[in-house]
Amino acid sequence: DPLWSRGLGDVYKRQVVNIYADNHKSPWKFMQGRWQVEEEYGFKSEVVFKKLKDGEGASGKWEDQDGNKFSELIGWLSDKKQMVSLGFGTNGAYWECDFTEVKAEHIKGTMMYRDHEGKLHEGDYMIKKISNVLCESQFKIKDSKDGKLKVYKGTFKKVVKAKE
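For clarity, every value in this text was computed on a predicted model and none was experimentally measured.

Criteria and cut-off values
Every chain's residues receive numbers from 1 upward, in the order its sequence appears when written. Thresholds applied to this predicted model are a pLDDT of at least 70 for local features of residues and 80 or more for the giving and counting of side-chain atom pairs; totals over whole chains, interfaces and linings are not thresholded and use all residues. Hydrogen atoms and water are omitted, and side-chain values are computed over all heavy atoms in the structure. The way it works is that DSSP assigns letters per residue, a run of H or I at least four long becomes a helix, a run of E at least two long becomes a strand, and they are numbered from the N terminus. Think of it in three bands: with a 1.4 Å probe and only protein chains considered, a residue is buried below 20% of the maximum accessible area for its type, exposed above 50%, and partly exposed in between. Residue contacts follow a heavy-atom distance rule, with two residues in contact if any of their heavy atoms lie within 4.5 Å. Here the open area of atoms and residues is found with the Shrake-Rupley method and a 1.4 Å probe, where only the protein chains shown may cover a residue. The salt bridge criterion pairs a side-chain nitrogen of Lys or Arg with a carboxyl oxygen of Asp or Glu, the two atoms within 4 Å. Using a grid of 1 Å spacing that covers the protein atoms alone, one calls a set of points a cavity when a 1.4 Å probe fits there but cannot get out, and a pocket when the set is open and has protein on both sides within 12 Å along at least five of seven lines; lining residues are those with an atom within 4 Å of a point. Grid points are joined across faces, edges and corners, and a volume is the space filled by probe spheres set on the points. Only Asp, Glu, Lys and Arg are considered charged in this grouping, and only Ala, Val, Leu, Ile, Met, Phe, Trp, Tyr, Cys and Pro are considered nonpolar; every other residue, Gly among them, is considered polar. Being paired, for any two strands, means DSSP has found at least two bridges between them. In this analysis, axes come from line fits to C-alpha atoms, helices being fitted only over the stretch in contact, and the angle between any two N-to-C directions falls in the range 0 to 180 degrees.

Draft legend 1. Highlighting the overall build of the protein chain. Secondary structure summary: the protein chain contains zero helices and 12 strands in total. Helices and strands appear in the protein chain in the N-to-C order β-β-β-β-β-β-β-β-β-β-β-β. Looking at the protein chain residue by residue over its 164 residues, the buried ones come to 32%. Residue pairs in contact within the protein chain that sit at least 24 positions apart in sequence constitute 30% of those at least 6 positions apart. In the structure as shown, the protein chain presents an accessible area of about 11,100 Å², 52% of it carried by carbon and sulfur atoms.

Written out as structure tokens, the structure reads:
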């Protein structure tokens, strides 16, 4: 048994291994509060993020420029060192992000986004932290018409209340 080791004078002692101590915190700090999001492919929305009380993650309530709404759940997969984001919206719209590279300064992975008109957008997605109130995103997808790679940039800007 590898958990038992032989001590001095033939006294055996048990080694305690905490299987839950595997650095279960995400290196990426989850956004909180109200944010304005604009993506070059036409997505414009406001979102309110709230940190989960009972897990390593956040929830998001979105409303875009046309009044469409989304509910999002973001979570840290501690054993895989990955992050997932699932968003479900009106008219069958949804997104699924699998971030396989999670660092304090950025998250990178893939996103599949089905818009409210039923069009599917799929590609590499990254969010980079510029400051506590600004993040930049980049979505690389193949154009469905000509097959060329297109890069769409975007911003997440925290709504900061003006001091009176």
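What follows picks up the thread again.
Draft legend 2. Expanded view of the pattern of salt bridges. One pass over the structure, following the stated rule, counts two salt bridges. The salt bridge partner of Arg34 is Glu46, with a shortest N-O separation of 2.6 Å. Of this pair, Arg34 sits in strand β3 (residues 33-39) while Glu46 sits in strand β4 (residues 44-51), and the two are 12 residues apart along the sequence. Judged by its relative accessible area of 40%, Arg34 is partly exposed.

Draft legend 3. Layout of unusual backbone geometry. Even without a glycine there, the phi angle at Lys81 is positive, about 60 degrees. Along the chain, Lys81 turns up in the loop between β6 (69-77) and β7 (82-89). Positive phi is not limited to glycine here, since Asn91 has a value of about 60 degrees. Looking at the secondary structure, you find Asn91 in the loop between β7 and β8 (94-102). A relative accessible area of 58% means that Asn91 is categorised as exposed.

Draft legend 4. Focus on empty space enclosed by the protein. Taken as a whole and judged by the stated rule, the model has one cavity of 30 Å³ or more. Volume-wise, the largest cavity comes out at about 300 Å³. Every residue lining the largest cavity is counted, 22 residues in all, and those nearest its centre are Trp62, Glu72, Tyr125, Ile127 and Phe156. At the level of elements, β3, β6, β7, β8, β9 (106-114) and β10 (120-131) are the ones that each hand at least two residues to the lining of the largest cavity.

Draft legend 5. Broad picture of the layout of surface pockets. Considering only enclosed or pocket space, the largest pocket measures out at about 450 Å³ in volume. Lining the largest pocket we find 21 residues, and of these Tyr41, Tyr113, Asp115, Lys119 and His121 sit closest to its centre. Mapped onto the lining of the largest pocket, the elements with two or more residues apiece are β10 and β11 (134-142). Here the lining of the largest pocket gets three residues from one element, more than from any other, and that element is β10. Residues that form the lining of the largest pocket fall into these classes: six nonpolar, five polar and 10 charged. Taken as a whole, the second largest pocket encloses approximately 190 Å³ of empty space. What lines the second largest pocket is Lys29, Phe30, Met31, Gln32, Trp35, Lys129, Ser131, Asn132, Cys135 and Lys158. Considering only residue class, the lining of the second largest pocket consists of four nonpolar, three polar and three charged.

Draft legend 6. Local environment of the sheet that holds β11. Around the barrel, which closes on itself, the 10 strands sit in the order β3-β4-β5-β6-β7-β8-β9-β10-β11-β12 with antiparallel pairing between neighbours. Strand-to-strand twist across the sheet, computed as the mean angle between neighbouring axes with direction ignored, equals 25 degrees. Taken together, the eight bridges between β6 and β7 define a ladder with antiparallel strand orientation. Note on β7: the bridge partner recorded for Glu72 is Gly87.

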